[in-house]
Amino acid sequence: MDLATLIGLIIGLFGLIGGFLMEGGHAGMLMVETAAVIVFGGTFGATIASYPLEDIKKVPYFTKLVFINQQIDYLGVVDRLVETADKARREGLLSLESQLSEIDDEFMSRGLQLVIDGTDPDLTRNMLEMEIEAFESNEMIGSEIYMTMGGIAPTMGIIGTVMGLVHVLSNVAEPDKLAGAIAVAFLATLYGVASANVLWIPFGTKLKIKAERQTLLMEMILEGILSIQAGENPRIIREKLLTFLPPEAKQRLTEEQAQGEQMRM
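Because the structure is a prediction, the values reported are computed rather than measured.

**Regarding helix H6 (residues 106-116)**
Here is step 1 of the chain: Among the eleven residues that make up H6, eight are buried, leaving the element largely enclosed by the rest of the structure.
Here is step 2 of the chain: Every buried residue of H6 is listed here: Phe107, Met108, Ser109, Gly111, Leu112, Leu114, Val115 and Ile116.
Here is step 3 of the chain: Its side-chain oxygen at 2.9 Å from the backbone nitrogen of Phe107, Asp105 defines the N-terminal cap of H6.
Here is step 4 of the chain: In the stretch just after H6, Gly118 is the one whose phi turns positive, near 75°.

Now the structure itself:
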């Protein structure tokens, strides 16, 4: 479970509903079925109309991905590539075939298989770069879908409010009921703006960040594989790959190095 997503949702919803309750309102005032049907139905419908059906079918997968905690061990991948480079230098590229079954990362395994098969370095680069581009394009679809929903929802909220006000103004013969009816009409705007900023846009942003981090990992693996194929020094390969590390991984590396120095002292 991605705790950041869960905690963010809880805090966001608590802030909205809790603030409303602190002002003297009650939860029942926020529950209006017609506003929910207009906003969420309109948002889902417009989004479905905006994308091919095969992309829409992936929404459950993308929604699940938002709540899954993906821990990427960048340093572990660097160590694995450096060990592989050292083995290739000592025993030759063909010796790597015996350890392919031990590699969990499919992208790394396929890349090393190309190297073992003697594929031209330029072709290896092109094939792996195309795979990275295909992965990034596929994963970014989820972010785009949720961002689209985040843009549509507030507009649907305004449409719902206008429709509610039309209904209110058509019944001006009962002025004592106007205030309550207007309040109900404006709940559609609340649903639209709240769902966009608490659900859809954060979901899209989370998917974008996860896709970018996985793409960074694949680019680092690509560089490592090409360096192994070129027969570069494992120490140089390690220094090169460390430049790919995101800030949190660099911080972890710094802490590990500091602990190592303390233990040697």
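There's plenty left to go through after this.
**Brief notes about the confidence of the model for the protein**
Here is step 1 of the chain: Looking at the protein, the pLDDT average stands at 87 and 92% of residues meet or exceed 70.
Here is step 2 of the chain: Within the protein, the element-level pLDDT minimum falls on helix H10 (residues 247-264), averaging 68, and the maximum on helix H3 (residues 53-56), averaging 94.

**With respect to the environment of Ile141**
Here is step 1 of the chain: Along the polypeptide, Ile141 turns up in helix H7 (residues 121-169).
Here is step 2 of the chain: Since its relative accessible area comes to 13%, Ile141 is described here as buried.
Here is step 3 of the chain: Separated by 106 residues in sequence, Ile141 and Ala35 place their C-alpha atoms 28 Å apart.

**Brief notes about the packing of helix H4 (residues 59-67) against H7**
Here is step 1 of the chain: As a packed pair, H4 and H7 sit with axes 10 Å apart at the nearest point and diverge in direction by 85°. Classified by the interaxial angle, the pair formed by H4 and H7 is roughly perpendicular. Across the interface between the two elements, Val59, Tyr61, Phe62, Thr63 and Leu65 from H4 touch Asn138, Glu139, Ile141, Gly142, Ile145 and Tyr146 from H7.

**A short note on the nonpolar core**
As a rule of thumb, soluble globular proteins bury nonpolar side chains together.
Here is step 1 of the chain: Judged by nonpolar contacts, the single largest core of 33 residues is most densely connected at Leu112, Met220, Ile221, Ile228 and Leu245.
Here is step 2 of the chain: Of all elements in the fold, only helix H5 (74-91), H6, H7, helix H8 (178-229), helix H9 (234-242) and H10 reach the threshold of two or more residues within this core.
Here is step 3 of the chain: Leaving out residues up to four positions away in the same chain, Leu245 has contacts with Tyr74, Leu75, Val78, Met220, Lys250 and Leu253.
Here is step 4 of the chain: Val66, Ile145, Val198 and Phe203 belong to the second-largest nonpolar core, a separate cluster that totals 16 residues.

Criteria and thresholds
- Residues numbered from 1 in each chain as written.
- Predicted model: local features only at pLDDT ≥ 70, side-chain atom pairs only at ≥ 80, totals over all residues.
- Heavy atoms only, no water.
- Buried < 20%, exposed > 50% of the residue type's maximum accessible area, 1.4 Å probe, protein only.
- Helix = DSSP H or I, 4+ residues; strand = E, 2+ residues; numbered from the N terminus.
- Polar contact = N/O pair within 3.5 Å; in protein donor to acceptor, adjacent residues only side chain to side chain.
- pLDDT = per-residue confidence, 0-100.
- Axes fitted to C-alpha atoms, helices over the stretch in contact; angles between N-to-C directions.
- Parallel < 35°, antiparallel > 145°, perpendicular 65-115°, else oblique.
- Contact = heavy atoms within 4.5 Å.
- Core = buried A, V, L, I, M, F, W, Y, C linked by side-chain atoms within 4.5 Å.

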